[in-house]
Amino acid sequence: MDAFYASVEQRDNPELRGRPLAVGGARERGVVAAASYEARQFGVRSAMPATTARRLCPELLFVPPRFEVYKGVSRQIHAIFAEYTELIEPLSLDEAYLDVTQNRPNIPSATRIAEEIRAQILAKTQLTASAGISYNKFLAKLASDYRKPNGQFVIRPHEGLAFVEQLAVGQFHGIGRVTAARMEQLGIRTGWDLRQQSEAFLRQHFGKAGSHYFAIARAQDHRPVVADRVRKSIGAETTFPHDLTALPDLTEHLQPCLEKVWTHCERTGLRGRTVTLKVKYADFQQITRSRSFSTPLTDVATVARISHELLTALLPLPKGVRLLGVSLSGLETEADMVGRQLGLGL
């Protein structure tokens, strides 16, 4: 979807149309969750601190997010997807991979399917969507950004290699700013530069991810579209109005995060083996600390105790803390746990 949260707000409130808009918290410690295209022209981006966004665009309007509304629109969109294929891999409320090799209407053209889906989305939600069409997920993702907003782009099999080699590595999905900077230091600036490197060289400098970089530099990506993708983690975090330095204050603010995480666990039946504490300091430096176990944790008291131990181990704090979060990963359902115990004869 195109600027999804912001576009929903502009759809529902005509006074916001054509104006630079941010969805998120306008307070001093607020963060931009989404920015309209009018705001993006000023350099405003999602995940940007509200103070930075206001400095870039003094006329910026902030509206609070309405996640239940966005979820409702997302359900409408996914219902449209399901008319064409059952192989739908959601990435977020507003983005998904669809495998249309075999599709329900038996349409032989992926380009035509994308056009129909986008037309249906516009008719039913009054919102625009963009599409990328290609022969693997990596290229389809790149293509989806190529004609935004309200467009689509195709990368055909004979075009993949040439398309990839002319891109800056920072444009590759999955290569962030830090990795791109490391590649720059190694003289790797474009897809062509990346393709000149051996897999051994890339693994030496980037670990296991080096094999993935080796493949995508050759426009190769064999990952299938996985319907009902298993969630990898459950987390919650909070940004404070003022930097915190005292352990009692941090502990007090950690509790609501723990409650949110465990409420989701109870609702879904998921349990996790790894507890991760996330801390962002006043200067935006971010660290994480984790502890893993051989079996999933089955009660919130244990998760809380481990979280507090991870937090206490950071004392004395080198600087104030602006954000604190906790997550569970290594997830299993209760049914998985019972099955594993039965398999072990327990």
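Residues numbered from 1 in each chain as written. Predicted model: local features only at pLDDT ≥ 70, side-chain atom pairs only at ≥ 80, totals over all residues. Heavy atoms only, no water.

### Remarks on the UniProt feature "site: Substrate discrimination" (unreviewed entry) in the protein chain
Logical step 1: The residues that UniProt annotates with the feature "site: Substrate discrimination" (unreviewed entry) are Y5.
Logical step 2: Residue placement: Y5 occurs in helix 1 (residues 4–12).
Logical step 3: On the basis of relative accessible area, Y5 is assigned to the buried category, the value being 18%.
Logical step 4: Beyond its immediate sequence surroundings of up to four residues, Y5 is in contact with V23, A33, A34, F67, Y70 and L93. (UniProt positions renumbered as here; feature names shortened; annotations may be inferred. Helix = DSSP H or I, 4+ residues; strand = E, 2+ residues; numbered from the N terminus. Buried < 20%, exposed > 50% of the residue type's maximum accessible area, 1.4 Å probe, protein only. Contact = heavy atoms within 4.5 Å.)

### Examining the sheet that holds strand 12 (residues 321–329)
Logical step 1: Spatially, four strands are ordered 8-12-10-11 in an open sheet, and the strand pairing comes out antiparallel. Edge positions in the open sheet fall to strand 8 (233–244) and strand 11 (286–292), since each of these has one partner strand only. Across the sheet, the axes of successive neighbouring strands diverge by a mean angle of 15 degrees, strand direction being ignored.
Logical step 2: Looking at chain direction, strand 10 (residues 274–281) and strand 11 are connected through seven bridges and run antiparallel. Counted as the bridge partner of V275 is R291 from strand 11.
Logical step 3: Relative to the sheet, helix 12 (residues 247–268) contacts strand 8, strand 10 and strand 12, its axis offset from that of strand 8 by approximately 155 degrees.
Logical step 4: In the packing of helix 13 (residues 300–312) onto the sheet, the strands contacted are strand 10, strand 11 and strand 12, and the crossing angle to strand 10 comes to about 40 degrees. (Pairing = 2+ DSSP bridges. Axes fitted to C-alpha atoms, helices over the stretch in contact; angles between N-to-C directions.)

### A closer look at the pairing of strand 5 (residues 95–98)
Logical step 1: The sheet contact formed by strand 4 (residues 88–92) and strand 5 spans four bridges and is antiparallel. Residue pairing for strand 5: E89 is matched across the bridge by Y97.
Logical step 2: Adjacent in sequence and paired antiparallel, strand 4 and strand 5 are bridged by two residues.

### Examining the pattern of salt bridges
Logical step 1: Per the stated rule, a full pass over the model turns up 19 salt bridges.
Logical step 2: Here E9 ties to R66 by a salt bridge, and the two come within 3.0 Å at their closest N and O atoms. In this pair, E9 sits in helix 1 while R66 sits in the loop between strand 3 (61–63) and helix 4 (67–82), placing the two residues 57 residues apart along the sequence.
Logical step 3: Owing to a relative accessible area of 7%, E9 belongs among the buried residues under this scheme.
Logical step 4: The partner of R291 in a salt bridge is E309, with the nearest N and O atoms 2.5 Å apart. Taken as a pair, R291 in strand 11 and E309 in helix 13 lie far apart in primary sequence, 18 residues in all.
Logical step 5: Residue R291 is classed as partly exposed on the basis of its relative accessible area, which comes to 30%.
Logical step 6: Here the salt bridges do not stand alone but share partners, grouping E9, R11, D12 and R66 into one network. (Salt bridge = Lys/Arg side-chain N within 4 Å of Asp/Glu carboxyl O.)

### Side note on the packing of aromatic side chains
Logical step 1: Counted under the stated rule, the structure contains ten aromatic pairs.
Logical step 2: Pairing Y5 with Y70 gives two aromatic rings, centres 4.3 Å apart and planes at 10 degrees, and the pair type is stacked. One end of the pair, Y5, is in helix 1; the other, Y70, is in helix 4, and 65 residues separate them in sequence. Y70 matches Y5 in its accessibility class, with the two residues each being buried.
Logical step 3: Summarising the aromatic geometry, the rings of F206 and Y213 are spaced 5.7 Å apart at their centres and angled 80 degrees between planes, so their arrangement reads as edge-to-face.
Logical step 4: Accessibility expressed as a relative area gives 11% for F206, which makes it buried. (Phe/Tyr/Trp six-rings, centres within 6.5 Å; stacked < 30°, edge-to-face > 60°.)

### Description of the nonpolar core
Logical step 1: One finds L250, V275, L277, V279, L324 and L328 to be the most contacted residues of the largest nonpolar core, which totals 30 residues.
Logical step 2: Within the residue set of this core, elements represented by two or more residues are strand 8, helix 12, strand 10, helix 13 and strand 12.
Logical step 3: Look past the residues within four positions of L324 in its chain and what remains in contact with it is A236, E237, T238, F240, L250, L254, C257, L277, K278, V279 and L311.
Logical step 4: Counting 24 residues, the second-largest nonpolar core is a separate cluster that includes V73, Y84, I113 and I117. (Core = buried A, V, L, I, M, F, W, Y, C linked by side-chain atoms within 4.5 Å.)

### Considerations on the sheet that holds strand 3
Logical step 1: Read across the sheet, three strands follow the order 2-1-3 without closing on themselves; strand pairing throughout is mixed. Because the sheet does not close on itself, it has two edges, and the strands there are strand 2 (32–35) and strand 3. Strand-to-strand twist in this sheet, taken as the mean axis angle between neighbours without regard to direction, amounts to 30 degrees.
Logical step 2: In this structure, strand 1 (residues 21–24) lies alongside strand 2, joined through three bridges in antiparallel fashion. For G24, the partnering residue across the bridge sits in strand 2 and is V32.
Logical step 3: Across the sheet, helix 1 lies against strand 1, strand 2 and strand 3, angled at about 110 degrees from strand 1, the strand it touches most.

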